Amino acid sequence: MKLVFAIIQDQDTNHVVDALTVAKFRVTKLSSSGGFLKSGNTTLLMGVEDERLDELMGILERESSQREVPASVMSMNIPGDSYMPYPFNVQVGGATIFILDVQEYLRY
């Protein structure tokens, strides 16, 4: 058995959770936030049998789309001077996934 942590964008949460539920995976959803863009994301916790891990990974890959979004970084602000945000595109979406072996699983 594996414990899977999947960190996904908030925009993808409904699609991912719905697809996992249809496929009969149990999922726990936690709200979290990212450090770089300081935007909301969701951390999903899932316990999965080894033989279903590939199916789970396929759903996560299919439903967690990558896309580019505009972002900006403020240039240095010197007192008395104005500042101009520097725009650029960053790639968001997809999933960051951690897979851990489970030594013991109990359900009451």
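One can find the structure itself at the top, above this paragraph.
It should be emphasised that the depicted structure is a prediction, and the values quoted were computed from it without experimental measurement. (Residues numbered from 1 in each chain as written. Predicted model: local features only at pLDDT ≥ 70, side-chain atom pairs only at ≥ 80, totals over all residues. Heavy atoms only, no water.)

Participant: Any details on the environment of Leu20? Residues and values, ideally.
Facilitator: Following the sequence through the fold, Leu20 ends up in helix H1 (residues 10–22). With relative accessibility at 0%, the residue Leu20 sits in the buried group. C-alpha separation for the pair Leu20 and Leu60, spaced 40 residues apart in sequence, amounts to 8.4 Å. (Helix = DSSP H or I, 4+ residues; strand = E, 2+ residues; numbered from the N terminus. Buried < 20%, exposed > 50% of the residue type's maximum accessible area, 1.4 Å probe, protein only.)

Participant: Tell me about the sheet that holds strand S1 (residues 2–9), and name the residues and values.
Facilitator: Taken in spatial order, the four strands of this open sheet run S2-S3-S1-S6, and their pairing is antiparallel. A single partner strand is all that each edge strand has here, and the edge strands are strand S2 (28–33) and strand S6 (95–101). Put simply, the sheet's adjacent strands are angled 20° from each other on average, direction ignored. In the sheet, S1 pairs with S6 via seven bridges, with the strands oriented antiparallel. Looking at the pairing, Phe5 lines up with Phe98 of S6. Where helix H2 (residues 53–63) meets the sheet, it contacts S1, strand S3 (40–48) and S6, and its direction lies at approximately 5° from that of S1. (Pairing = 2+ DSSP bridges. Axes fitted to C-alpha atoms, helices over the stretch in contact; angles between N-to-C directions. Contact = heavy atoms within 4.5 Å.)

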